[in-house]
Amino acid sequence: MRKKVFYSVIVMALLCFCLLRTFGNPIPLPTLIMPEEWISVSINERDDILPGNDNSLEASVDGLYPMRNLKYEKVRILDPVPPRSYDIRITLDGNPLKWTWSDMFYGTVLPEWPRIPQLEWTIAPVPEKFDLTAHYKHGLVYRENEIVFFYPMGCWDGQPIYSPSMTAHIKTRLPGRYLPKGVFLDHDPAPFTLSLDPDVYSPVPGWVVGGDYQSKPFRALERDYILTIMDRWGDPAAWFSQPPDMATGFALPSMDTINTPVPADDFILPASSFVKENVGNVRFWGTYPGWRTNIAHMNNADIKPPCPKYIRIRIYDSIPDTSDNTPRPDSLVYEYRTETYNQKFFGSVVKETTESDDTADAGWSYHHVFSYDISLPRPFIPVPGQRYWISISSGPVDENVIWSWVISPVNDFIPGIYMSNDSLTDNAAVMPRHLNLSFVLSTTPDVVNNGVSYRLVDGSTITVDYPNMERPTIRLPIDGSFLLTQTLSSASGYRTFTVTNLSFMPKNGDEHTSGKNGKGKYLLDNTTVDPARQQMSVSINIGGNLPVRLDSGSVGVPEDIDFPWIDITVKNNGTSIGSVSPQYAVHLVAVPMPGFSFSTDYPFTSGSLGNHVSDGDLLSSKGTILLTNSELISAFNLYPTFAEQKVGLDAVIGPINHFSSEDGSMVTPYVLFSSKTDILAKENPGHGDILNNFGRVVRRNIDLISPFGPMPVAQDTGLDALAVSRSPVTDEGSADILSEAAEIPPEKRIIVFSIKEGFFSEKLGVYIGPGDILTTDGRIYKTGKDLLRNFNPLSVSIEGSIDIDAVYILSNGEIWFSTASGFRDAKLGYVGFGDLLSENGRIILRNRDIVAPFNPIEDLADFGLDGISVLQ
């Protein structure tokens, strides 16, 4: 009986409470009822041709707002949107609504966007029930270490919208290169979910960031939604990247104590020559489970976080497990323990588990993640293609907490493993689910490689004169290289560089006039005087004799080139040497020479590789095959009868990036290309289309040509050259070749191309020929005549234009290219159709020098150059 009375009292109390809440919050009339809103966001790269183009992300936002009308006959609604939003569409039950820009602005917590514009529209008459939709696109906010997406979720506060509670369902899709760092409601961290997005057509799967956010009772949503994003490949030196899982924050204890298992995860240096070659820096993420979980704002908390006494990094080689062929760690090959490391607060993982003391979001707890950066005193050099295991463990931690290594959502399908700390054997079976640890491996260059590698190009010579001797003067063309490293500028206005490792060899192989171990200085003043001045002095061993000091004196820079080109003659004047000693004059024509990929017009047999090289293979300047023709096209749905077809290469960009296979055993570079002939596959890839080696037609030829308004409408003009352009840099930036800050922001880069068959552009009112370089947005980047303005061809028929076969654009805007046919130049003599040229009128590399690392057996003067791209 007492229980019945007790329960009756409880029921009555609850009923009274509900009645009080109801009458204490009467529904205002008129009003619009909106209990839920559905927001779908797709964040993509602006240019779908280049993956991972920094600063190129934009958001496409679609909102669905189901509403019920109570007594409104006419209503005005304001909707804030980020600055420079475009493609804006508002509909009511699928019918377009006319909108205008309001004169009122919306305040936000973002310092970059303190006020944003608002759309304004009116609904009259107002239906009893209706669906309101909004669509728009906009760019994102870029910060030093994160990218920010903003959605004004609190915009309904103060508007004619009412509901006993309001819930926003937000789903955001990210490309596979990017991962969520955190979600915030204004300044407060908030929970979210993370899952793979199988619908994104990309070399790597995309992600879906989800979240449901509810208002307080009888209140609209009052805080805005902010998603911060991290770029897996934001560090240009990184070659292995598994960022942390900031959705769950799941972490594995990893303490460096005897008999305590520690986690380890695998990594592979891609078996290709275009990636970095060492592990010089290790970045990883950890947390202290249970530490200060009631604090939401670590950056504002006057609390010193715990720190491990030291960090230990171990690297093991790998062997397959004999029972199931699963890779396992084997012998210890590298170990480093340090008390010097950088621990930095990275972000808070929010979980809906307990109550928090300092926030209104009851039921949320906060797990704080820290990032760690360690530079190895001695870089570890992995063998390309070989699997290794890395184990990171912590020494004792103050406050008696345990350090744990945060997992990564990036799954290479080879799960991490627990190892026993006092032996090289596994302590337990493979982790119960595919858990991969969060870490990034990046390269530290050797000290000698801090400079820029220069190569002597066509025009470099050594002249040897013998005073007072009846011996003829010798002049020989030379090949060679040196390193140029910038030092502090002098007070005279000259910029100072050190020259090291200068060596050269006459092309006839004469050892008596070869130079080795040269070192000295190079001075350049191209900002305070006009014309620019330069001076080089070096000490070099020539012909195996004692070092000789060569000096140019202060001389002018040739008018037809700009730094980083160097064109200078150094010589000895004979005052400090014997009367019969030779006098040398070494003319150095040099330019920074990166590694590059290329293809040839004709196949050949490589003496160094011992196998056939086809005109469809993508080659490396180091003398390796990066991708065979079959590997380039195998991802397309080739018709069975033509599974072994050879289509050749006409143009190439890349490798741009690299992606791991599902089991992590192989890494595939990402390449854009066009083929010489149509590929017989279900996707119908044409010879003028831009393709990638993951089986996708990235851009049809008609889409490339349409912005020019061809007349008559061109069917397929072919594609002969393909490159990524960079906007011209300032004089200050172009001079600083040794600083990453001088790089052109990638968002300013555009795709350029040349065609095989010309057409008349109705839009531009000009004829466009195969020698012109065009842009994907419908502009002529450079005409063929302009490209050859510094050459003196004697046999050109179309107003100084020659068909372009390959093109590469440097960071300072200079264009390197090859032509589809050879020509005779009044100054240079014969220029081959496979020679690499500069628009400044010089030959960078003869075709025989380009293919020399392959040691072709065939005796051809020119194998052609069909595509070129610098290796990243």
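Residues numbered from 1 in each chain as written. Predicted model: local features only at pLDDT ≥ 70, side-chain atom pairs only at ≥ 80, totals over all residues. Heavy atoms only, no water.

### A closer look at the overall build of the chain
The helix and strand inventory of the chain stands at six helices and 67 strands. Burial statistics for the chain: of 872 residues in total, 51% are counted as buried. Taking as baseline every contact in the chain between residues at least 6 positions apart, the subset at least 24 positions apart corresponds to 68%. Roughly 39,200 Å² of accessible area belongs to the chain as shown, and the carbon and sulfur atoms make up 53% of that amount. (Helix = DSSP H or I, 4+ residues; strand = E, 2+ residues; numbered from the N terminus. Buried < 20%, exposed > 50% of the residue type's maximum accessible area, 1.4 Å probe, protein only. Contact = heavy atoms within 4.5 Å. Areas by Shrake-Rupley, 256 points an atom, 1.4 Å probe, with all protein chains shown as cover.)

### Digging into the nonpolar core
Counting residues in hydrophobic clusters, the biggest one holds 77 residues, and the most contacted among them are Ile123, Leu132, Phe149, Tyr151, Trp156 and Tyr225. For tyrosine 151, the contacting residues outside a window of four places in its chain are Glu37, Ile39, Val61, Tyr65, Tyr136, Ile170, Asp224 and Tyr225. Listed in part, the 57 residues of the second largest apolar core include Ile478, Ile561, Ala590 and Phe863. (Core = buried A, V, L, I, M, F, W, Y, C linked by side-chain atoms within 4.5 Å.)

### Concerning a nonpolar patch on the surface
There is a patch of nonpolar side chains on the surface, built from Ile702, Met711, Val713, Phe760 and Tyr767 and spanning about 490 Å² of accessible area. Assignment of secondary structure puts isoleucine 702 in helix α3 (residues 701-705). By relative accessible area, isoleucine 702 is classed as partly exposed at 32%. (Patch = residues over 30% accessible without salt bridge, like charges linked within 9 Å, V, L, I, M, F, W, Y side chains within 5 Å. Salt bridge = Lys/Arg side-chain N within 4 Å of Asp/Glu carboxyl O.)

### Quick notes on the sheet that holds strand β10 (residues 118-123)
Within a beta sheet, neighbouring strands are joined by backbone hydrogen bonds and run either parallel or antiparallel to one another. With respect to topology, three strands assemble into an open sheet ordered β4-β10-β7, the strand pairing being antiparallel. Of all strands in the sheet, those with a lone pairing partner are β4 (75-80) and β7 (100-101), marking the two edges. Looking at chain direction, β7 and β10 are connected through two bridges and run antiparallel. Residue pairing across strands places threonine 100 opposite glutamate 120, the latter belonging to β10. (Pairing = 2+ DSSP bridges.)

### Description of the pattern of salt bridges
In the structure shown here, the tally under the stated rule is 30 salt bridges. Arginine 76 serves as the salt-bridge partner of glutamate 120, at 3.6 Å between the closest nitrogen and oxygen. Note that glutamate 120 is positioned in strand β10 and arginine 76 in strand β4, a separation of 44 residues in sequence. Here the salt bridges share partners, and the residues they tie into one network are Glu112, Arg143, Glu146 and Lys181.

### As for the confidence of the model for the chain
Summarising the model, the chain shows a mean pLDDT of 83, and 83% of its residues fall at 70 or more. The lowest-confidence element of the chain is helix α4 (residues 731-735), averaging 30 in pLDDT; the highest-confidence one is strand β13 (residues 147-151), averaging 97. Taken as a whole, residues 1-7 scores under 50 in pLDDT and shows zero contacts with residues more than four places along the chain or in a different chain. Predicted confidence for residues 422-432 stays below pLDDT 50, and this span has 30 contacts to residues more than four positions away or in other chains. (pLDDT = per-residue confidence, 0-100.)

### Observations regarding the sheet that holds strand β67 (residues 867-870)
The antiparallel open sheet is built from four strands, whose spatial order is β49-β48-β45-β67. Where the open sheet ends on each side, the last strands, each with one partner, are β49 (625-627) and β67. Direction aside, the axes of adjacent strands within the sheet are offset by 30° on average. As judged from the two bridges shared by strand β48 (residues 618-620) and β49, these two strands associate in the antiparallel manner. For leucine 619, the partnering residue across the bridge sits in β49 and is isoleucine 625. (Axes fitted to C-alpha atoms, helices over the stretch in contact; angles between N-to-C directions.)

### Comments concerning the packing of aromatic side chains
Any two aromatic rings considered together are summarised by their centre-to-centre distance and by the angle between their planes. Applying the stated criterion across every chain, the model contains 32 aromatic pairs. Where tyrosine 213 meets tyrosine 225, the ring centres are 5.9 Å apart and the plane angle is 55°; that geometry is what we call tilted. With tyrosine 213 in strand β19 (residues 206-214) and tyrosine 225 in strand β20 (residues 225-231), this residue pair connects regions lying 12 residues apart in the sequence. Between tyrosine 341 and tyrosine 372 the ring centres are 6.1 Å apart and the planes differ by 50°, which places this aromatic pair in the tilted class. Taken together, the residues span a long stretch of sequence, with tyrosine 341 in the loop between β26 (327-338) and β27 (342-351) and tyrosine 372 in strand β28 (residues 365-380) at a distance of 31 residues. Both residues of the pair, tyrosine 341 and tyrosine 372, belong to the buried class. The positively charged end of arginine 115 is found above the aromatic ring belonging to phenylalanine 105, 4.4 Å away from the centroid. Above the ring of tyrosine 310, the side-chain terminus of arginine 337 is found at 3.6 Å from the ring centroid. (Phe/Tyr/Trp six-rings, centres within 6.5 Å; stacked < 30°, edge-to-face > 60°. Lys NZ or Arg CZ within 6 Å of the ring centre and 35° of its normal.)

### So, the environment of lysine 756
You can see lysine 756 is positioned in the loop between β56 (751-754) and β57 (759-761). When the C-alpha positions of lysine 756 and leucine 719 are compared, they lie 5.8 Å apart, and in sequence the two are 37 residues distant. Apart from the residues lying within four places of it in its own chain, the contact partners of lysine 756 are Asp650, Thr717, Gly718, Leu719, Asp720 and Pro770. Side chain to side chain, lysine 756 and aspartate 720 meet in a polar contact 3.0 Å long. (Polar contact = N/O pair within 3.5 Å; in protein donor to acceptor, adjacent residues only side chain to side chain.)

### Some details on unusual backbone geometry
In the segment running from phenylalanine 563 into proline 564, the intervening peptide bond is cis, with an omega of 25°. Along the chain, the position of proline 564 falls in the loop between β42 (555-556) and β43 (566-571). A cis amide bond links glycine 654 with the next residue in sequence, proline 655, at an omega value of 5°. You can see proline 655 is positioned in strand β50 (residues 649-660). In this model, arginine 84 sits at a positive phi of 60°, which is unusual for a non-glycine residue. Counting through the fold element by element, arginine 84 comes out in the loop between β4 and β5 (86-92). Phi at aspartate 186 is positive, roughly 55°, even though this residue is not glycine. For aspartate 186, the location among the structural elements is in the loop between β16 (178-185) and β17 (188-190).

### Quick word on the environment of threonine 776
The residue threonine 776 is located in the loop between β59 (773-775) and β60 (780-782) in this model. For the pair formed by threonine 776 and leucine 704, sequence separation is 72 residues and the distance between their alpha carbons is 5.7 Å.

### Things to note about the pairing of strand β29 (residues 387-394)
With eight of its eight residues buried, β29 lies for the most part within the structure. Residue alternation in β29 divides its side chains into two sets, Arg387, Trp389, Ser391 and Ser393 and Tyr388, Ile390, Ile392 and Ser394, and both sets are buried. Bridge analysis of strand β23 (residues 262-268) against β29 gives four bridges, and the strand direction is antiparallel. Looking at β29, one finds that aspartate 265 is bridged to isoleucine 390. Strand direction decides the pairing type here: strand β25 (residues 311-320) and β29, joined by seven bridges, are antiparallel. If you follow isoleucine 315 over to β29, its bridge partner there is isoleucine 390.

### A word on the side chain of serine 761
Considering the arrangement of structural elements, one finds serine 761 in strand β57. Judged by relative accessible area, serine 761 falls into the buried class, the value being 0%. Among the polar contacts made by the side chain of serine 761, one reaches the main-chain carbonyl oxygen of phenylalanine 708 at a distance of 2.5 Å. If we skip the residues at most four places from it in the chain, serine 761 touches Phe708, Gly709, Val766 and Ile768.

### Details of the environment of aspartate 87
Inspection of the secondary structure puts aspartate 87 in strand β5. Residue classification places aspartate 87 among the partly exposed positions, given a relative accessible area of 32%. Non-local contacts of aspartate 87, meaning those with residues more than four positions away in its chain, are made with His135, Tyr136 and Lys137. Only 2.8 Å separates the side chain of aspartate 87 from the side chain of arginine 89, close enough to count as a polar contact. Within the structure, aspartate 87 has its side chain in polar contact with the side chain of histidine 135 (distance 3.1 Å).

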